[in-house]
Structure formats: C-alpha cells, structure tokens
Amino acid sequence: MTNDFGALRLLGEIEDTGRDPHRGGYSRHVFDAAEHDLRDWFIERAQRLGLNVIPDRNGNLWAWWGEPGPDAFVTGSHLDSVPGGGAHDGPLGVVSALAAVGRLQQRGFVPNRPFAVTVFAEEEGSRFGIACLGSRLLSGAISVERAGDLKDAGGNRFADVARAAGLPTPGRDAEALSRIGMFVELHVEQGKGLIDMDAPVAVGSSILEHGRWRIDVRGQGNHAGTTEITDRRDPMLAAAEAVLAARRAASRRAGSRATIGRIEPVPGGTNVIASRVSAWLDVRADSERDTRDIIAEVEQAVIDAAAAEGCTASVVEESYSGEVRFDPALRDRIAATLGNVPVLPTGAGHDAGVLAAHVPTAMLFVRNPSGVSHAPEEGADDAAVEAGVDALVRTIEELA
Ligand code: HGY
Ligand code: MN
Ligand code: MN
C-alpha cells in the first residue's frame, strides 16, 4: 500500500480548501462550507484507516482505533483557522495523527489501550468569539447557556447554528471527558524557538495567561465634511487610544503581549464619522497580575479618551484562561522517549490547554521556518513535519 497517509501528502489534499482570496491564507470557520469540507475529508481519511468516527454533542470529532473506552490515549488538534490564517495551525496536528496511525498500522502495531484521534471545534473562536469553544463546552469550562447565546458576525446564535449542524444539545460531556486517559497535541510552533534552537521538534511546557476583552465606544455619527472638529463626538479617537495604550502597557511588562487586531466602526463609511465602534483586545502575560494590570491601564486610557471626546466607553471581559502548566510527568516521559528534545513554552492557546485542567496533557511543537503564525507566511518545513510524525509515532508506541 502506498503511504498515502504521509503527513505532507495529507496536507496537500486540503491545501486548496478554504483559501481566502481577499486576505490570503485560509479562512475556515466552524460549520462554514470550508470547515464542513475538512470534516468530511477527515472522516473519510479516518475511516480509510479503519477508525470509527463518532461526533460528540459539541461538534468535536472522535476517530476511535478500536472500541471507545476509558483511559484512552487521545491525540489530535483542530481544522478551523483564524481569518487569513496559515495552512498548519491545527491541520498539522490532525494530519500528523492520521499519518502516525497509518505508519503504526503498517508496522502491525496495535494499541494496548483505547485510542482516538480528535478534531476539536472552533478552536480559534473566529466565528463565535470564544477560543477553544468545542473543548470548553466538552469540559464544562463554558456554560451551555453562555455558549448558546454567542453570536457570529451575521447575528446567528451558536445554539441555532449548532442545532442546524445536527447538535441539538451541546454542553458538558462527562462521558467523553472520562474516556480521555491522556491528550497529546502536536502543533506547528507559532514562534521562533525551534529556529533558535536549531531543532525540528520540542515538547511543550506551558501556555501563557490569556484574556480577551471587548471595547465599545459610543459617540455621535455625523458628516465628515460638514462637522467642525469642535463639534465632534468621534468614538474612533478612543479606539485609537486603546491600540496605543495596549502597546504601551505590554511594552512595560517583560514577556507580555497585548493586541487589538479587530476594530469594527458603525456604520463604517469613508465620509462618515462613526456613531460607535467595537474593538477586541487580546492580552497574554506570564502572570495574572500583569494581565490584569494591562487591561486596567487600557480600560482607563479608553474611558479617559472617550470622555475627552464627549463619548462613552465600556470594556467587557469575554474570556480568560490562567497559565497552563502541562503535566510534568507526561512532559518528561515524552521528552525522554524522544531523546531529550527541547522543552518550550508557548504564548498560543490550545485545546490541550483547556483539557489540562482535567486530564494529563502534553504538546509536541514542530519547527516553523518563518516563525510567523496566524498569517499566510506560517509554515512547517518538510523535514520538521516528518520529524514531528516520527516523534508522535514514538510517543504513541511508548504510551499507547
Ligand atoms: O489564540 C490562540 O492563541 C490560539 O491560536 N487559539
Ligand atoms: Mn491559532
Ligand atoms: Mn492552533
């Protein structure tokens, strides 16, 4: 049998799915056409490996190698992307898991414990605004009421979209959670650590503290050409101040990151003073204290700038996750199995970070020659991709 389950070949099979001609890269969002095509592709590929694919109540896919059961070895990642994202963030973990299963089957390996490959839903939160929505629902980290009321850009509620996708009762899934004995997620590195270390693969150690806030500023819409500067109540001034205040606050705290990458003025006309504007702030730091101090600084700057312009502003927390430390015993066992590969922290959130509160989790990172992620320039060199599959194969042989 040709090795048509090679990770590079599998990546090639989906390289045209969900391309974004406007932004570049890929836009694959939960339950949209592209993500639906990727789900179908994954199900077909998994079934060709003899895996039994069972969707759970939250839109996550579980491809079982043998019978579902307790204390399972679970590996996988996600297929959805950020708007204009790269080809590897998520899919690399999924194709590497399929490739590892294919290679192990060719060697006659049979797991000694239940084994599943998973695809988690809405990991990026690009459609409904909360990252890792599928694993947060699974683990109860978000209430079904709150999740159900989340809306996409078109005003569609998650509950209604999920129901239309055949998921009438999303929510905490104690049975699915209880089956996980350990979760190992392989992921493209989203920084330059492995470039600097000149290594193809690393084991993850931790994930930074991470929060998302929505900023709303309200003013008075008006005509750009007839409204004197002194007569304006332009909410964009406070939005602009938020961007600058975020950079100032993070720059003063080593290792912290604060980003406003999304601003939505209403009505959004070139010759129109906006009546209101929404902006979303993403803050990461290695302590809750720094994270909270950054948001407090930005909030005060926004409120002051809004008041100076005769506008009003509000800042609402949308999600918050504390620092994640992956299971030390699992981390060290995998690092030893792989011959003491580097151990790397990350500032990127992952489903493994959500599950870490419930089951032993670990991550494998694969070198990204650009060090860029959440952009079309994201990549993973072929040698590193193959090294990643090798590492996952050896981890499965050791632990499953
Ligand atoms: O935002 C993150 O860190 C992840 O890519 N969802
Ligand atoms: Mn991502
Ligand atoms: Mn990811």
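Right above here is the structure, for reference.
The paragraphs below set out a description of the structure included in this document. (Residues numbered from 1 in each chain as written. Chains lettered and ligands numbered in written order. Predicted model: local features only at pLDDT ≥ 70, side-chain atom pairs only at ≥ 80, totals over all residues. Heavy atoms only, no water.)

**Digging into the nonpolar core**
Item 1. Counting residues in each nonpolar core, the largest one holds 55 residues, and the members touching the most others are Phe42, Leu51, Leu92, Ile334, Leu364 and Ile396.
Item 2. Contacts of Leu92, omitting those with residues within four sequence positions, involve Leu11, Leu186, His187, Val188, Val366, Ala380 and Val385. (Core = buried A, V, L, I, M, F, W, Y, C linked by side-chain atoms within 4.5 Å. Buried < 20%, exposed > 50% of the residue type's maximum accessible area, 1.4 Å probe, protein only. Contact = heavy atoms within 4.5 Å.)

**Notes on the packing of aromatic side chains**
Item 1. Taken as a whole and judged by the stated rule, the model has 8 aromatic pairs.
Item 2. Both rings, one in Trp65 and one in Phe115, keep their centres 5.4 Å apart while their planes meet at 80°; by these two values the pair is edge-to-face. Taken as a pair, Trp65 in the loop between strand 2 (61-64) and strand 3 (72-78) and Phe115 in strand 4 (residues 115-120) lie far apart in primary sequence, 50 residues in all. The burial state of Trp65 is the same as that of Phe115; both residues are buried.
Item 3. Here Phe120 and Phe183 contribute two aromatic rings whose centre-to-centre distance is 5.6 Å and whose plane-to-plane angle is 90°, an arrangement assigned as edge-to-face. Of this pair, Phe120 sits in strand 4 while Phe183 sits in strand 5 (residues 180-188); the two residues are 63 residues apart in sequence, bridging distant segments of the chain. The same class applies to Phe120 and to Phe183, which are both buried.
Item 4. An aromatic cluster is built from Trp62, Trp64, Phe120 and Phe183, whose rings are joined through pairwise contacts.
Item 5. Positioned above the aromatic ring of Tyr26, the side-chain terminus of Arg28 is 4.1 Å from the ring centre. (Phe/Tyr/Trp six-rings, centres within 6.5 Å; stacked < 30°, edge-to-face > 60°. Helix = DSSP H or I, 4+ residues; strand = E, 2+ residues; numbered from the N terminus. Lys NZ or Arg CZ within 6 Å of the ring centre and 35° of its normal.)

**Comments concerning the site of ligand 1**
Item 1. The immediate surroundings of ligand 1 are formed by Glu123, Glu124, Arg284, Ala348, Gly349 and His374.
Item 2. Contact distances for ligand 1 include 3.0 Å between an oxygen atom and a side-chain N or O atom of His374.
Item 3. For ligand 1, the protein covers 96% of the area, taking 210 Å² as the surface of the free molecule.
Item 4. Its residues assigned to classes, the shell around ligand 1 shows 1 nonpolar, 2 polar and 3 charged. (Near = heavy atom within 4 Å. Polar contact = N/O pair within 3.5 Å; in protein donor to acceptor, adjacent residues only side chain to side chain. Areas by Shrake-Rupley, 256 points an atom, 1.4 Å probe, with all protein chains shown as cover. Nonpolar A, V, L, I, M, F, W, Y, C, P; charged D, E, K, R; others polar.)

**Structural notes on the coordination of the manganese ion (ligand 2)**
Item 1. Each protein donor to the manganese ion (ligand 2) is listed here as Asp89 (OD), Glu124 (OE) and His374 (NE2); together their distances run 2.1 Å.
Item 2. When the donors of the manganese ion (ligand 2) are listed by position in the chain, the intervening gaps give D-x34-E-x249-H.
Item 3. In this structure the manganese ion (ligand 3) is found 3.5 Å away from the manganese ion (ligand 2), and Asp89 serves as a bridging donor for the pair. With Glu124 in the loop between strand 4 and helix 4 (133-139) and His374 in the loop between strand 15 (361-366) and helix 13 (382-399), this pair connects stretches of sequence that are 250 residues apart.
Item 4. For Glu124, a relative accessible area of 7% puts it in the buried group. (Donors = N, O, S within 2.8 Å, 3.2 Å for Na, K, Ca; no water.)

**Some words on the pattern of salt bridges**
Item 1. In the structure shown here, the tally under the stated rule is 29 salt bridges.
Item 2. Salt-bridge contacts for Glu44 lead to Arg45; the nearest nitrogen and oxygen are separated by 3.2 Å.
Item 3. With relative accessibility at 36%, the residue Glu44 sits in the partly exposed group.
Item 4. Residues joined by salt bridges that share partners form a network here, namely Arg9, Glu13, Glu44, Arg45 and Arg48. (Salt bridge = Lys/Arg side-chain N within 4 Å of Asp/Glu carboxyl O.)

**Notes on a nonpolar patch on the surface**
Item 1. On the surface, Met236, Val243, Leu244 and Ile263 cluster together into a nonpolar patch covering about 300 Å² of accessible area.
Item 2. Per-element accounting of the nonpolar patch gives the leading share, 3 residues, to helix 9 (residues 236-251). (Patch = residues over 30% accessible without salt bridge, like charges linked within 9 Å, V, L, I, M, F, W, Y side chains within 5 Å.)

**Let's talk about the packing of helix 11 (residues 328-337) against helix 13**
Item 1. Two numbers describe how helix 11 lies on helix 13: the axes approach to 9 Å, and their chain directions differ by 115°. Helix 11 and helix 13 meet at a crossing whose hand is right-handed. Judged by residue contacts, Leu330, Arg333, Ile334 and Thr337 of helix 11 engage Arg394, Thr395, Glu398 and Leu399 from helix 13.
Item 2. Split into classes, the residues belonging to the contact of helix 11 with helix 13 amount to 3 nonpolar, 2 polar and 3 charged. (Axes fitted to C-alpha atoms, helices over the stretch in contact; angles between N-to-C directions. Left-handed = near helix turned anticlockwise from the far one by under 90°.)

**Structural notes on the sheet that holds strand 11 (residues 276-285)**
Item 1. The antiparallel open sheet is built from 4 strands, whose spatial order is 9-11-7-12. Since the sheet does not close on itself, it has two edges, and those belong to strand 9 (257-266) and strand 12 (312-321), each with one partner. Adjacent strand axes in the sheet meet at a mean angle of 15°, parallel and antiparallel pairs treated alike.
Item 2. By the bridge criterion, 9 bridges tie strand 9 to strand 11 in an arrangement that is antiparallel. Each residue of the ladder has a partner; that of Thr259, found in strand 11, is Asp282.
Item 3. Against the sheet, helix 9 engages strand 7 (209-218), strand 9 and strand 11, with an angle of about 175° to strand 9.
Item 4. Relative to the sheet, helix 10 (residues 288-308) contacts strand 7, strand 9, strand 11 and strand 12, its axis offset from that of strand 12 by approximately 165°. (Pairing = 2+ DSSP bridges.)

**What about the coordination of the manganese ion (ligand 3)?**
Item 1. The protein atoms donating to the manganese ion (ligand 3) are His78 (NE2), Asp89 (OD) and His187 (NE2), with metal-donor distances spanning 2.1 to 2.2 Å.
Item 2. The motif formed by the donor residues of the manganese ion (ligand 3), counted along the single chain, is H-x10-D-x97-H.
Item 3. Note on His78: relative accessible area 0%, which makes it buried.
Item 4. Assessed through its relative accessible area of 5%, Asp89 is described here as buried.

**Points about the side chain of Arg253**
Item 1. Mapped onto the fold, Arg253 is located in the loop between helix 9 and strand 9.
Item 2. Beyond its immediate sequence surroundings of up to four residues, Arg253 is in contact with Asp290, Asp293, Ile294 and Glu297.

**Some remarks on helix 3 (residues 91-106)**
Item 1. A rise of 1.5 Å per residue sets the reference length of helix 3, with its 16 residues, at 22 Å; its end C-alpha atoms lie 22 Å apart and thus fit the reference within 8%.
Item 2. Extensive coverage of helix 3 is indicated by the burial of 14 of its 16 residues.
Item 3. Within two residues after helix 3, Gly108 carries a phi angle of roughly 80°, on the positive side. (Expected span 1.5 Å × (residues − 1).)

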